[in-house]
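Observations on the model geometry
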Amino acid sequence: MIQFHLHRMFYKMMTLWQHLKQKKTAPSPPVVSPAAIWHCLNHYAYSDAIFLAERLCAEFDSDESIFLLATCYYRSGKPSQAYTILSGKKIVSEKCKFLLARCCVDLHKLSEAETVLTGNVGDLISSSSCSSFIETIISDYGDSSPFALQLISHIWWRSERSHLAAEACRKALYLNPFLWQSFQDLCDRGVKPDPEPTKIFKVDNLDNFNKCLGSNSHVNSTPLSTYNLSYESVNTFNSSTPAQKMVNMSVPSSNSSISSGIQPFTPDMNNAKAIFVRPIGRKVKVINENAYSPLTPSFGVFPLENSDNLSVCSSQSMVLVPSATLNETNDQKFISKRSSKPVFSQSGNTSNINNLGTQQITMPSSPMSHVVRRSSRIITNNCSVKENTKSPNKKFASPKSATRKIKSGLIPKKSVFADITERHPKERGVVEVETLTLAQQALNLQKKTTEGLLSLLRDIGIAYLQLSKFNCKKAIQLFQSLPPRQYKTGFVLSMIGKAYCEQSDYLQSIKYFSEVKEHEPYRDTLMELYSTSLWHQQKEVALSALAQDMTALDRNSSSTWCVVGNCFSLQKEHQTAIKYFQRAIQVNPDFPYAYALLGNEYLVTEELEKAITCFQKAVKLDPRHYKSWYGIGAIYQKQERYELAEMHYKRALRINHSSALIMCHIAVVQNSMDKPDQALHTLHIALTLEPKHPMCKYQRAQIYSKLGKLPEALYELEELKEIVPKESLVYFLTGKVHKKLGNIHLALMNFNRATDLDPKGASNQIKEAIDPTNNQSPLDDSDDP
């Protein structure tokens with residue numbers, strides 16, 4: 001513990017020393033505006049952003065410019081270039097370190113990523129010092145700390161330090177419950193989320209909205225906590241854009257009582273239609289049609305007509321707050337009049353004035369042009385103008401024209417700001433109170449929206465937790481109880497399809513995955529399970545069509561090549577299937593399901609050493625990948641090493657405790673070890689879970705036949721014929737039982753039926769059962785079809 005803190009202190013001292021060295025020479029101002037680079041990035045013009053960022057780095061070599069250039073490369077899909085840029089510099093800022101660690105993870109340089117994040121003390125972190133290290137991460141990375149913790153947890157999962165990774169995931173979720181991946185990692189790894197989803201996804205846990213929603217520092221906006229509400233902020237707008245000028249009117253000061261611990265909500269002012277301000281003494285309301293459009297109620301966005309949440313301002317005694325900056329030097333003041341109708345300005349367009357009661361006007365995109373138009377038009381006899389003596393040629397609109405506009409009712413006589421400035425200071429304080437009321441309403445709306453989203457995440461989280469525990473029936477019920485708009489999404493439908501696939505109910509799995517492709521044809525997640533369900537149902541045409549769709553969609557997806565591999569596997573072209581499964585691993589070396597599919601193909605082609613290697617790689621990537629544990633058990637069973645087979649089957653069963661298929665294989669191994677009673681008990685449990693599981697019923701019938709319980713065996717086989725009426729092995733075993741009973745004609749009838757259904761697969765066994773000259777007796781129970 002002490003050694004960890006000493007290393008950490010030394011690392012921070014070295015970092016501070018490097019920072020001070022950089023500060024010795026003050027750099028010259030950059031010739032390229034970072035805002036122009038972010039503007040290109042936000043519009044996906046990556047080549048232009050890279051070009052401008054390189055010009056900025058040439059003039060202004062600092063952590064900020066390096067970070068911007070690396071970000072341009074990373075967002076354009078070039079993490080190697082971003083890594084080279086960052087690793088070649090002595091970076092100091094935490095955001096540069098975070099981006100460098102992100103690049104290292106993408107390039108599978110996990111050790112280096114951990115060194116960047118932990119400061120050369122990663123190997124010293126233990127369970128006792130983990131909490132201290134996490135607090136250091138939170139202190140260093142600030143609002144980015146949840147994402148840094150999520151990244152370090154990914155590294156720790158991969159390096160098999162599950163206890164540290166789980167702690168980092170829990171803390172990341174506590175700081176930002178919107179990080180669904182952290183919750184999913186806990187569930188997939190079999191670690192119980194602490195606390196439960198009902199407490200994780202709860203608004204009371206949000207210590208700071210900044211860690212959840214961010215401060216939008218890269219879109220030319222300022223964190224709300226930096227704004228200072230005063231009379232000047234009402235009278236003069238200091239922001240650089242019309243949207244931000246309106247934000248200044250609606251945010252509390254950093255030391256106000258309502259901003260303690262929580263950052264107020266910033267309305268999406270870029271898409272806002274208008275902001276209305278009532279005169280003093282009335283509450284202020286914000287209308288943002290785009291930001292508050294009726295969406296899914298689960299997200300906590302309420303319709304505008306709901307007066308309890310966000311009521312639309314009445315049309316009485318309202319004026320539109322102008323977005324132009326007032327020029328107090330020349331005493332130019334906007335003139336407005338309190339009238340019974342609201343007054344709007346829409347860049348000179350007055351064609352829709354008759355609809356002012358309901359119309360919302362789009363704010364002008366250029367603040368400067370807006371200022372010129374209003375300063376040149378809104379001048380009346382009541383306005384005292386002091387012309388700038390240094391600009392004698394400057395002219396203003398004549399009072400007569402302004403008077404005519406006033407008479408026509410288009411422009412009011414007195415500005416709301418002129419009215420405010422003439423009021424007593426006590427009345428000015430009322431304006432500040434009204435603005436605080438606006439901020440409080442925005443904060444309340446933000447909390448309601450957050451509560452709605454967290455409520456949805458809570459419902460999905462509970463369902464996903466049940467699925468991760470392989471309580472598939474319960475998970476399906478929970479997913480199906482979600483709101484209709486959420487239920488009809490690819491994620492939810494694919495989760496239900498996965499649950500049915502885990503239950504070996506492949507027809508239902510196909511049904512839901514086909515709905516996924518119908519609603520979201522671009523989705524490739526879990527399509528490998530869809531192809532597996534199609535493989536089990538022998539649907540060659542559908543599987544071939546899915547393979548074509550996936551290759552056309554994304555050839556760089558490992559799921560695509562798993563689908564193609566399953567397609568060739570179904571056509572018995574195993575070597576081609578192996579090639580495509582290897583391609584899936586090449587695309588994503590961290591995909592355990594691809595290793596499991598490749599292992600199955602090697603198992604079919606009798607390449608057992610390669611098969612067991614693939615399964616072992618899969619369980620190393622994901623210790624809970626029960627299908628790979630099951631595959632290892634199948635290899636040992638094939639080698640007649642039944643004790644090892646039973647051990648690995650039970651390992652898989654501990655993960656997926658509801659799998660009747662795994663229980664069936666355990667019963668087969670137990671029967672092979674001459675433990676028929678244990679085998680029957682295992683099959684009884686399996687059939688309790690899935691009463692119509694065909695393989696379990698077949699194995700129970702076979703054990704009954706071996707024990708001489710022939711009526712019980714016939715009863716199982718007759719039920720099995722109704723479940724799988726075209727399975728040749730069922731008829732073959734029925735023929736053997738009838739032959740034991742002396743029913744030769746019934747035995748021959750069932751043998752013939754088995755031959756008709758599968759003339760190649762069971763022909764040798766049937767001939768052995770019919771031919772009396774065969775050395776092996778057809779009544780020998782050691783016969784294992």
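Residues numbered from 1 in each chain as written. Predicted model: local features only at pLDDT ≥ 70, side-chain atom pairs only at ≥ 80, totals over all residues. Heavy atoms only, no water.

The name given to the protein in an unreviewed UniProt entry is Cell division cycle protein 27 homolog, with Acyrthosiphon pisum as the source organism. Database annotation for the protein, UniProt heading Sequence similarities (unreviewed entry): "Belongs to the APC3/CDC27 family." (UniProt positions renumbered as here; feature names shortened; annotations may be inferred.)

For the protein, the count of helices and strands is 38 helices and three strands. In the protein, buried positions account for 48% of the 785 residues. The contacts of the protein with a sequence gap of at least 6 include a subset with a gap of at least 24, amounting to 60%. (Helix = DSSP H or I, 4+ residues; strand = E, 2+ residues; numbered from the N terminus. Buried < 20%, exposed > 50% of the residue type's maximum accessible area, 1.4 Å probe, protein only. Contact = heavy atoms within 4.5 Å.)

Inspection of the entire model under this criterion finds 20 salt bridges. Residue Arg158 pairs with Asp590 through a salt bridge whose shortest N-O separation is 2.9 Å. Of the two residues, Arg158 sits in helix H9 (residues 145-158) while Asp590 sits in the loop between helix H27 (574-587) and helix H28 (592-604), which places them 432 residues apart along the sequence. Here Arg158 falls in the partly exposed class, since its relative accessible area comes to 29%. Overlapping salt bridges, with partners in common, bring together Lys697, Arg700, Glu716 and Glu719 in one network. (Salt bridge = Lys/Arg side-chain N within 4 Å of Asp/Glu carboxyl O.)

Put simply, the second largest pocket is a space of about 1,700 Å³. Lining the second largest pocket are 48 residues, with Gln184, Asp188, Asp590, Phe591 and Pro592 positioned closest to its centre. Per-element tally for the lining of the second largest pocket: the top contributor is H9, with six residues. Here the residues of the lining of the second largest pocket are counted per class, giving 19 nonpolar, 14 polar and 15 charged. (1 Å grid on protein atoms, 1.4 Å probe; cavity = no way out; pocket = protein on both sides within 12 Å on 5 of 7 lines; lining within 4 Å. Points joined across faces, edges and corners; volume = space filled by probe spheres on them. Nonpolar A, V, L, I, M, F, W, Y, C, P; charged D, E, K, R; others polar.)

We now examine the UniProt feature "repeat: TPR" (unreviewed entry) in the protein. Mapped onto the present numbering, the UniProt feature "repeat: TPR" (unreviewed entry) falls on residues 558-591, 592-625, 626-659 and 728-761. Taken end to end, residues 558-591 has its terminal C-alpha atoms 8 Å apart, with 79% of it in helix and 0% in strand. Secondary structure over residues 592-625 splits into 79% helix and 0% strand, and the C-alpha atoms at its two ends are 7 Å apart.

Moving on, we get to the packing of helix H22 (residues 490-502) against helix H23 (residues 506-519). As a packed pair, H22 and H23 sit with axes 8 Å apart at the nearest point and diverge in direction by 165°. By the criterion of interaxial angle, the relationship of H22 to H23 is roughly antiparallel. Note that H22 runs across H23; the crossing there is left-handed. Of the residues in H23, those touching H22 at Gly490, Leu493, Ser494, Ile496, Gly497, Lys498, Tyr500 and Cys501 are Tyr506, Gln508, Ser509, Tyr512, Phe513, Glu515, Val516 and His519. (Axes fitted to C-alpha atoms, helices over the stretch in contact; angles between N-to-C directions. Parallel < 35°, antiparallel > 145°, perpendicular 65-115°, else oblique. Left-handed = near helix turned anticlockwise from the far one by under 90°.)

The next thing to look at is the confidence of the model for the protein. Looking at the protein, the pLDDT average stands at 74 and 62% of residues meet or exceed 70. Taken as a whole, residues 217-418 scores under 50 in pLDDT and shows 322 contacts with residues more than four places along the chain or in a different chain. Contacts for the low-pLDDT stretch residues 765-785, under 50 throughout, to residues beyond four places or in other chains number 34 contacts. (pLDDT = per-residue confidence, 0-100.)

The complete set of buried residues in helix H2 (residues 34-42) reads Ile37, Trp38, Cys40 and Leu41. Within H2, the buried residues cover an arc of 155° as seen down the axis, which keeps them to one side. Remark: Tyr44 follows H2 within two positions and exhibits a positive phi of approximately 60°. (Arc of directions from axis to C-beta.)

Moving on, we come to the state of the cysteines. Taken as a whole, this structure holds zero disulfides when the rule is applied. Cysteine Cys501 shares no disulfide, and the gap to the nearest cysteine sulfur, in Cys472, comes to 9.5 Å. Look at Cys501 and you get buried, because its relative accessible area is 5%. (Disulfide = S-S within 2.5 Å.)

Another point: H22. Relative to the 18 Å expected for 13 residues at 1.5 Å per residue, H22 spans 18 Å between its end C-alpha atoms, a close match to the ideal helical length. For H22, the tally of buried residues reaches eleven of 13 residues, placing the bulk of the element in the interior. Here H22 has its buried residues at Gly490, Val492, Leu493, Ser494, Met495, Ile496, Gly497, Ala499, Tyr500, Cys501 and Glu502. One or two positions beyond H22, positive phi appears at Ser504, with a value near 65°. (Expected span 1.5 Å × (residues − 1).)

Tracing the sequence through the fold places Lys517 in helix H23. A relative accessible area of 16% means that Lys517 is categorised as buried. For the pair Lys517 and Ser494, spaced 23 residues apart in sequence, the C-alpha separation works out to 9.5 Å. Those residues within four positions of Lys517 in sequence are excluded, and the remaining contacts are Arg523, Met527, Tyr530, Leu546 and Met550.

Here the focus is the packing of aromatic side chains. According to the stated counting rule, one finds 13 aromatic pairs in the structure shown. An angle of 70° between the planes, with centres 5.7 Å apart, marks the rings of Trp180 and Tyr464 as edge-to-face. A residue pair is termed long-range when its members are at least 10 positions apart, and Trp180 in helix H11 (residues 180-188) and Tyr464 in helix H19 (residues 425-468) qualify at 284 residues. Each member of the pair Trp180 and Tyr464 is classed as buried. Here Tyr630 and Tyr649 contribute two aromatic rings whose centre-to-centre distance is 5.6 Å and whose plane-to-plane angle is 45°, an arrangement assigned as tilted. Of this pair, Tyr630 sits in helix H30 (residues 626-638) while Tyr649 sits in helix H31 (residues 642-655), placing them 19 residues apart in sequence. (Phe/Tyr/Trp six-rings, centres within 6.5 Å; stacked < 30°, edge-to-face > 60°.)

Phi at Glu160 is positive, roughly 60°, even though this residue is not glycine. Summarising the element assignment, Glu160 is placed in the loop between H9 and helix H10 (162-175). Despite not being glycine, Glu640 shows a phi value in the positive range, around 60°. By the secondary structure assignment, Glu640 is in the loop between H30 and H31. Judged by its relative accessible area of 57%, Glu640 is exposed.

This next bit is on the nonpolar core. Trp156 and Phe479 are the most contacted members of the largest nonpolar core, which has 166 residues in total. What Trp156 contacts, discounting residues up to four positions off in sequence, is Glu114, Ile125, Cys130, Phe133, Arg161, Ser162, Leu164, Ala165 and Ala168. The next biggest cluster of nonpolar side chains, apart from the first, holds five residues, and it includes Tyr731, Phe732, Phe751 and Ala754. (Core = buried A, V, L, I, M, F, W, Y, C linked by side-chain atoms within 4.5 Å.)

Our focus in this paragraph is the packing of H31 against helix H32 (residues 660-672). Direction vectors running N to C along H31 and H32 enclose 160°, while the axes themselves pass 9 Å from each other. One way to sum up the angle between H31 and H32 is to call them roughly antiparallel. H32 is crossed by H31, and the crossing has left-handed handedness. When H31 is examined against H32, the residues Tyr642, Ala645, Glu646, Tyr649, Lys650, Ala652 and Leu653 are found in contact with a partner set consisting of Ile662, Met663, His665, Ile666, Val669, Gln670 and Ser672. A class-by-class count of the residues in the contact of H31 with H32 yields nine nonpolar, three polar and two charged.

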